[in-house]
Amino acid sequence: MKQSRGRAVLRALFTAGVVGIGGIALAQAAEEVWVKSSQAKIWQGKGPVGLVATAKKGEKLTIMAREDKWMKVQYEDKQGYVMETAVSPKKIGSGAGAGDMLAGGSDTSGMDTSLAGRGLREEAMKYADAKNLDPKVVEQMMERNRAITFDEWTAFQKAGKVGPEGKK
Amino acid sequence: MKHEMKTNRRRLVVAGTITAALLMLALAPLNMGGCSASTIGDAVGNAVGGKQGQLIQATGKGVTALALSETQEDAMGQSVAVAITNRFGLDPNEALNKYVSLVGKTVAAASPRGDVEFHFGVLNTDEVNAYAGPNGYIMIARGALMRMQDESELAGVLAHEIAHVVDQHGLNMMKVAGLTDAGMQALRTNADIAKWVNATDNLVEKLVNGQYSQDQETRSDLLAVDYLIAAGYDPRGYHNFIQRMATASSSGGDLMSTHPGLGDRANRVAGKINQKGNFGGATLADRFRKNVPRPTA
């Protein structure tokens with residue numbers, strides 16, 4: 001009886017040790033990176049189709065895997081792919097940083113970058129207005145491109161054996 | 001009884017020792033991990049940062065870093081697209097536009113800016129040309145599609161335009177044309193829309209009149225070969241198309257008027273392909289014919 005209790009204690013302690021290692025190993029594997037450009041688009045796969053989310057400069061992403069020049073990341077409750085050039089292993093603030101300075105400074109357009117790319121930007125709208133041009137033509141072009149789903153694109157690549165999905 | 005107690009106590013001691021050892025083992029990498037991960041991360045970050053810096057600055061001789069932010073570059077791309085699509089109109093064939101977009105996105109994914117949301121469109125004109133606005137607004141004329149024979153040729157022309165975007169040739173053309181850093185900064189404040197309109201018009205005219213430098217055209221041709229190979233397309237398709245256009249031009253046609261020196265360019269592309277030693281990849285003639293209908297006589 002006492003012997004089996006002792007074994008149970010031994011087993012429990014051993015399990016606790018193993019679980020401890022496992023937990024810490026998991027914590028170690030959760031490498032984090034920060035968005036270094038004004039925004040990082042997170043895509044459904046390794047290419048610009050199927051936008052999952054747009055992370056702003058300074059926001060944290062958790063790396064789940066590295067694949068070629070892409071990282072599979074967790075962002076808030078979403079998962080997707082981001083290009084490694086868009087992030088930094090160093091924590092970055094949300095203000096102007098190296099990435100933006102290279103590109104000429106931080107944004108002053110006042111646009112919500114999480115919505116960036118959803119429609120025509122203010123300057124383009126003003127340009128169209130000033131030149132009396134129809135902005136809907138470009139909006140139609142953009143809508144057509146955004147209507148392409150990741151599944152469609154994947155099927156297209158596989159059928160032609162081209163692109164990141166077709167060459168697998 | 002006494003023996004049993006001793007045995008159990010010894011087991012507990014052993015168990016405690018094992019657990020302590022396991023915890024130490026577990027904690028040790030945690031500390032080391034913080035240090036080593038940071039060190040490795042720094043190395044990767046520097047490499048990546050350097051690469052990005054090169055992309056931003058490797059834009060032609062004597063041209064320094066750009067003065068537009070990413071969102072402003074996008075706004076300039078959209079403004080250029082507004083001008084060009086209004087000038088020519090978009091081809092109403094949605095299936096054709098979608099096919100071109102699928103090919104373009106496949107090539108773009110193989111470029112160093114594979115995460116840029118590229119937009120592709122077919123212009124409603126029989127001209128043989130293609131245009132690239134900053135940040136991925138690429139428009140190809142239907143006339144160019146009509147002179148292609150397979151998907152690898154289309155992929156090649158789109159790869160060339162994607163390279164112009166990757167290297168930010170449009171924005172640098174504005175700088176070369178005399179738009180100063182101060183002028184670019186003024187654009188960024190958006191205080192005076194007249195300046196923005198003027199800068200956009202300036203760029204559009206240069207694009208339409210084919211005023212990329214020889215260096216920019218050459219670099220885009222060579223990068224296109226890299227992107228095509230990375231995407232799995234036969235790069236010889238691109239060479240075939242340029243060669244065909246060069247032959248047509250020399251026989252008196254006005255094809256690809258905004259892309260001069262086609263013969264030399266075809267030779268340089270052939271040289272790059274030979275250097276790469278890549279003679280495979282997809283051509284997809286059947287899929288191209290299915291998706292790009294020829295006008296009925």
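Note that the coordinates shown come from a computational prediction; the quantities given were computed from them, not determined experimentally.

Conventions used here
- Residues numbered from 1 in each chain as written.
- Chains lettered and ligands numbered in written order.
- Predicted model: local features only at pLDDT ≥ 70, side-chain atom pairs only at ≥ 80, totals over all residues.
- Helix = DSSP H or I, 4+ residues; strand = E, 2+ residues; numbered from the N terminus.
- Buried ≥ 20, exposed ≤ 12 C-beta atoms within 10 Å, placed from the backbone.
- Contact = placed C-beta atoms within 7 Å.
- Arc of directions from axis to C-beta.
- Axes fitted to C-alpha atoms, helices over the stretch in contact; angles between N-to-C directions.
- Left-handed = near helix turned anticlockwise from the far one by under 90°.
- Pairing = 2+ DSSP bridges.
- Parallel < 35°, antiparallel > 145°, perpendicular 65-115°, else oblique.
- Nonpolar A, V, L, I, M, F, W, Y, C, P; charged D, E, K, R; others polar.
- Core = buried A, V, L, I, M, F, W, Y, C linked by C-beta atoms within 7 Å.
- pLDDT = per-residue confidence, 0-100.

We now examine the overall build of chain B. From N to C terminus, chain B includes 12 helices and 3 strands. Each of the 297 residues in chain B was classed as buried or not, and the buried ones make up 48%. Relative to all contacts within chain B whose residues are 6 or more apart in sequence, the contacts with residues 24 or more apart total 73%.

Along its length, chain A carries 6 helices and 7 strands. Counting from the amino terminus, helix and strand elements in chain A follow one another as α-β-β-β-β-β-β-β-α-α-α-α-α. Sorting the 168 residues of chain A into buried and exposed places 37% on the buried side. By sequence separation, contacts in chain A at least 24 residues apart represent 51% of the contacts at least 6 residues apart.

Take helix α3 (residues 122-131) of chain A next. Among all positions of α3 of chain A, only E123, A124, Y127 and A128 of chain A are buried. Here the buried residues of α3 of chain A occupy an arc of 140° about the axis, which is enough to place them on one side. On its buried face, α3 of chain A sits against α2 (70-88) and α8 (193-208) of chain B. Two residues or fewer after α3 of chain A comes N132 of chain A, characterised by a positive phi angle close to 60°.

The next subject is the packing of helix α5 (residues 151-166) of chain B against helix α9 (residues 214-231) of chain B. Angle between the axes and distance between the axes are the two parameters that describe a pair of packed helices. Residues and elements named next belong to chain B. Where α5 contacts α9, the axes come no closer than 8 Å and their chain directions differ by 120°. For the pair α5 and α9, the crossing hand works out as right-handed. From α5, A155, G156, A159, H160, I162, A163, H164 and V166 reach across to α9, where they touch R219, S220, D221, L223, A224, Y227, L228 and A231.

With that out of the way, let us pick up the sheet that holds strand β1 (residues 119-123) of chain B. All names here are of chain B. Spatial ordering of the open sheet is given by β1-β3-β2, a layout of 3 strands whose pairing is mixed. Both outer strands of the open sheet, β1 and β2 (130-133), are each paired with one neighbouring strand and no more. Averaged over all pairs of adjacent strands, the angle between their axes in this sheet comes to 15°, without regard to strand direction. As paired elements, β2 and strand β3 (residues 137-141) share 4 bridges and run antiparallel to each other. Pairing of G133 across the sheet is with Y137, part of β3.

On to the pairing of strand β3 (residues 47-56) of chain A. The two faces of the sheet receive side chains in turn, since in a regular strand these alternate between them. Residue and element names in this part refer to chain A. Taken together, the 6 bridges between strand β2 (residues 39-45) and β3 define a ladder with antiparallel strand orientation. Looking at β3, one finds that I42 is bridged to A53. Here β2 hands over to β3 after 1 residue, the two strands then running antiparallel side by side.

Moving on to the pairing of β3 of chain B. All names here are of chain B. A large share of β3 lies buried, amounting to 5 of its 5 residues. In β3, alternate side chains face the same way, and those of Y137, M139 and A141 on one face and I138 and I140 on the other are all buried. The pairing of β1 with β3 spans 5 bridges and is parallel. Paired with G121 across the two strands is M139, which belongs to β3. With antiparallel pairing between neighbouring strands as the criterion, β2 and β3 make up a hairpin whose turn holds 3 residues, including N135 at a positive phi of roughly 65°.

With that settled, the discussion passes to the packing of α2 of chain B against α8 of chain B. All names here are of chain B. Closest axis-to-axis distance for the α2/α8 pair is 10 Å, and the angle between their directions is 60°. Judged on the interaxial angle alone, α8 and α2 are oblique. At the point where α2 passes α8, the crossing takes the right-handed sense. Here α2 contributes M76, S79, V80, A83 and I84 to the contact with α8, which in turn contributes T200, L203, V204 and L207. Partitioning the contact of α2 with α8 into residue classes produces 7 nonpolar, 2 polar and no charged.

A few words on the nonpolar core. In terms of nonpolar packing, the biggest core is built from 101 residues, with V107 and I140 of chain B touching the most fellow members. The greatest single-element share of this core, amounting to 9 residues, is contributed by α5 of chain B.

Even without being glycine, D68 of chain A reaches a positive phi, approximately 55°. Among the secondary structure elements, D68 of chain A is positioned in the loop between β4 (60-67) and β5 (70-75). Overall, the presence of 11 C-beta atoms within 10 Å leaves D68 of chain A in the exposed class. Even without being glycine, Q168 of chain B reaches a positive phi, approximately 55°. Relative to the assigned elements, Q168 of chain B resides in the loop between α5 and α6 (169-176).

Residues of helix α4 (residues 136-146) of chain A that are buried include every one of V137, V138, M141, M142 and N145 of chain A, and no others. All buried residues of α4 of chain A fall inside an arc of 135° around its axis, so they share one side. Contacts made by the buried residues of α4 of chain A are with α2, α3 (94-108) and β1 of chain B.

All names here are of chain A. Turning to its location among the elements, R146 is positioned in helix α4. For R146, a count of 16 C-beta atoms within 10 Å puts it in the partly exposed group. Distance from R146 to G58, taken between C-alpha atoms, is 26 Å for residues 88 residues apart in sequence.

Attention now moves to the confidence of the model for chain B. Residue and element names in this part refer to chain B. With 68% of its residues at a pLDDT of 70 or more, chain B shows a mean pLDDT of 76. Note on residues 12-65: pLDDT under 50 across the span, and 62 contacts to partners over four residues away in sequence or across chains. Interface confidence for the predicted complex, given as ipTM, is 0.74, next to a pTM of 0.74.

Glancing now at the environment of R265 of chain B. All names here are of chain B. Locating R265 in the fold gives a position in helix α11 (residues 262-276). Sequence separation of R265 and A159 is 106 residues, and the distance between their C-alpha atoms is 15 Å. Those residues in contact with R265, other than ones at most four positions away along the chain, are E217, D221 and I242.

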